[in-house]
Each structure stands twice: as structure tokens, then as C-alpha cells.
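These are the residues of each chain, in order.
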Amino acid sequence: MDQGTVAIALVQRQVMIIQATQSRTRADRWLDVYTYVPFGDRVFLASPVPQARIASSDLLVLFPFRTPTTDMIELPEQAYQKFLELSAKHRLKYENMWRGWKAKRR
């Protein structure tokens, strides 16, 4: 993963757009990244806590493009659709877990 590479990853149990702050190899266990939250259609702004360290196993999708900016990212349509798909899948997983837990309590 090269510096500036954009990806989708799990950060604090949330699906987020991230950008690598420095180049890393596959053998590295931790990645320092900038994090981004959705702002509008395909546009992501730096999150309130813009830097994070994540496990390399939390990477979901690497995109084949880089961006030099650290305050805003605009994703291509296909990348944005992948983000929406993974966000919905992750949300559904937690909703099902919650429903199961709630059903056990009754």
C-alpha cells in the first residue's frame, strides 16, 4: 500500500474511506491512515478524528488510484457503489446481531 492510496476499511467498527499516510508492505501489521466520512454524493471529508492506526486485516478494498489531498476525496462512481454496498452489508450484520440478542432476552 503506497502513500496516498485510497481504500475502504473498518475503523472503530465503521466502514470508512481511508488514505494511507505512508507506504507499507503486506507484512506490516499496522497502517497509519487518514479517515474520511461521507459528505455528499461521492464526496468524503476528513473525519473529526482524521488520523488513525488500523490493523492491516481491517482493509476491505484497495482502489487502484491515489490522491495527494488530505482534506477531501471524491470517489469514482464504481468505488462509491462499492462503499455503499459494504456499508449496507456491515449495517445489516449488526442489525441482525441486535435482533438476535433482543429475541434471546424475551
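Just so you know, these numbers come straight off a predicted model, no measurement behind them. (Residues numbered from 1 in each chain as written. Predicted model: local features only at pLDDT ≥ 70, side-chain atom pairs only at ≥ 80, totals over all residues. Heavy atoms only, no water.)

Our next topic: the overall build of the protein. The number of helices and strands found in the protein is one helix and six strands. Listed N to C, the secondary structure of the protein is β-β-β-β-β-β-α in terms of helices and strands. Dimensions of the protein along its principal axes, counting C-alpha atoms only, are 50 × 35 × 25 Å. Counting across all 106 residues of the protein, residues that qualify as buried make up 33%. Within the protein, residue pairs in contact and separated by at least 24 positions form 53% of the contacts whose partners lie at least 6 positions apart. In the structure as shown, the protein presents an accessible area of about 7300 Å², 52% of it carried by carbon and sulfur atoms. (Helix = DSSP H or I, 4+ residues; strand = E, 2+ residues; numbered from the N terminus. Buried < 20%, exposed > 50% of the residue type's maximum accessible area, 1.4 Å probe, protein only. Contact = heavy atoms within 4.5 Å. Areas by Shrake-Rupley, 256 points an atom, 1.4 Å probe, with all protein chains shown as cover.)

Glancing now at the sheet that holds strand β4 (residues 43-55). A sheet is described by the order of its strands in space; here six strands give the open sequence β5-β1-β2-β3-β4-β6, paired in antiparallel fashion. If you trace the sheet from one side to the other, it starts and ends with β5 (59-66) and β6 (72-74), each paired once. If you compare each strand with its neighbour and ignore which way they point, the axes differ by 40 degrees on average. (Pairing = 2+ DSSP bridges. Axes fitted to C-alpha atoms, helices over the stretch in contact; angles between N-to-C directions.)

In this structure, strand β2 (residues 14-20) lies alongside strand β3 (residues 30-40), joined through four bridges in antiparallel fashion. Its bridge partner lying in β3, Ala 20 is registered against Val 33. With nine bridges connecting them, β3 and β4 associate as antiparallel partners. Across the sheet, the residue bridging to Val 37 is Leu 45, located in β4.

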